[in-house]
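Below are the chains, spelled out letter by letter.
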Amino acid sequence: MKFKKNEELIISILIPLTVGAVSSLLSGSMMKTYEQLVKPRGAPPATIFPILWTILYVFMGISFYILWTTPLVKPKKAIRIYFLQLFFNFFWSILFFHFHAYLLSFIWILLMIFIIIFMINEFYKINPLAAVLQIPYLVWSVFAAYLNFMVFLLN
């Protein structure tokens, strides 16, 4: 039984990490693009992003694992919302870095933020810890929306 739980945890963490890695590969040279942008005050250096996103994806995976393995609960709605926000997460980088569609990516990230809030609410109903682990992702997404909007205005 313990091995099965470990497998579920590993799969839960690998799902968002894989989504992020594939999105990054399809987004093109993100670091180069980021360095060439006129950025707003408070924009972090490019080296922060891979570290931060790895941490956020691990938290997302652990949160999903907690949700998935909560006994006596069938969190179908919460799982659908989780994968919907991963879909939005996947395409944001591609819209922003590959297509340089700064306005569209800003609208996209706003939709993603609303989905994340909805997801956190659904996770909270099932397991509050699963919801709390998603809060750093929400906070970062709001900050990323600010950066996205400012890049749209400045470029």
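Residues numbered from 1 in each chain as written. Predicted model: local features only at pLDDT ≥ 70, side-chain atom pairs only at ≥ 80, totals over all residues. Heavy atoms only, no water.

K.L.:
I tried to follow the pattern of salt bridges on my own but got confused; where do I start?
P.N.:
A pair can form between side chains of opposite charge whenever their charged atoms are brought close. For the structure on display, the rule yields two salt bridges. Among the salt bridges present, the one from Glu122 reaches Lys77, with a minimum N-O distance of 3.7 Å. Of the two residues, Glu122 sits in helix α5 (residues 102–126) while Lys77 sits in helix α4 (residues 76–98), which places them 45 residues apart along the sequence. The exposure class assigned to Glu122 is buried, which follows from its relative accessible area of 8%. Close ionic contact of Lys125 with Glu122 constitutes a salt bridge, the shortest N to O distance being 2.9 Å. (Salt bridge = Lys/Arg side-chain N within 4 Å of Asp/Glu carboxyl O. Helix = DSSP H or I, 4+ residues; strand = E, 2+ residues; numbered from the N terminus. Buried < 20%, exposed > 50% of the residue type's maximum accessible area, 1.4 Å probe, protein only.)

K.L.:
Where do I start with the environment of Ile135 in this structure?
P.N.:
Tracing the sequence through the fold places Ile135 in helix α7 (residues 135–154). Spatially, the C-alpha atom of Ile135 lies 8.8 Å from that of Ile117, the residues being 18 residues apart in sequence.

K.L.:
Hey, could you run me through the packing of α4 against α7 in this one?
P.N.:
Helices that pack against each other are described as a pair by the angle of their axes relative to one another and the distance between those axes. One way to put it is that α4 packs onto α7 with a least axis distance of 13 Å and a crossing angle of 25°. Judged by the inter-axis angle, α4 sits roughly parallel to α7. Viewed along their axes, α4 and α7 form a crossing whose handedness is left-handed. From α4, Gln85, Asn89, Trp92 and Phe96 reach across to α7, where they touch Tyr137, Asn148 and Val151. Looking at the contact of α4 with α7, its residues break down into four nonpolar, three polar and no charged. (Axes fitted to C-alpha atoms, helices over the stretch in contact; angles between N-to-C directions. Parallel < 35°, antiparallel > 145°, perpendicular 65-115°, else oblique. Left-handed = near helix turned anticlockwise from the far one by under 90°. Contact = heavy atoms within 4.5 Å. Nonpolar A, V, L, I, M, F, W, Y, C, P; charged D, E, K, R; others polar.)

K.L.:
Would you take a moment to explain the nonpolar core for this structure?
P.N.:
Burial of nonpolar side chains together is a common tendency in soluble globular proteins. Within the largest apolar cluster, 45 residues are counted, with the highest numbers of intra-cluster contacts made by Phe123 and Tyr137. For this core, the secondary-structure elements that each account for two or more residues are α3 (48–68), α4, α5, α6 (128–132) and α7. Setting aside anything within four residues of it in sequence, one finds Tyr137 in contact with Trp53, Leu56, Met60, Gln85, Asn89, Met112, Ile116 and Met119. (Core = buried A, V, L, I, M, F, W, Y, C linked by side-chain atoms within 4.5 Å.)

K.L.:
What am I meant to see in unusual backbone geometry here?
P.N.:
Leave glycine aside and you will find that most residues have negative phi; peptide bonds, for their part, are mostly trans. Phi is positive for His100, close to 55°, though the residue is something other than glycine. Following the sequence through the fold, His100 ends up in the loop between α4 and α5.

K.L.:
Hey, could you run me through α7 in this one?
P.N.:
Given 3.6 residues to a turn, an α-helix orients residues that are three or four positions apart in the same direction. Here α7 contains 20 residues, and its C-alpha end-to-end distance of 29 Å stays within 8% of the 28 Å for a straight helix at 1.5 Å per residue. Buried residues of α7: Tyr137, Leu138, Trp140, Ser141, Ala144, Ala145, Leu147, Asn148 and Val151, and no others. In this fold, the buried residues of α7 make contact with α3, α4 and α5. (Expected span 1.5 Å × (residues − 1).)

K.L.:
Explain the packing of α3 against α4 here, please?
P.N.:
Direction vectors running N to C along α3 and α4 enclose 165°, while the axes themselves pass 11 Å from each other. Taken as axis vectors, α3 and α4 run roughly antiparallel relative to one another. Here α3 runs over α4; the crossing is left-handed. Contacts between α3 and α4 pair Trp53, Tyr57, Met60, Gly61, Phe64 and Leu67 from the former with Ala78, Ile79, Tyr82, Phe83, Gln85, Leu86 and Asn89 from the latter.

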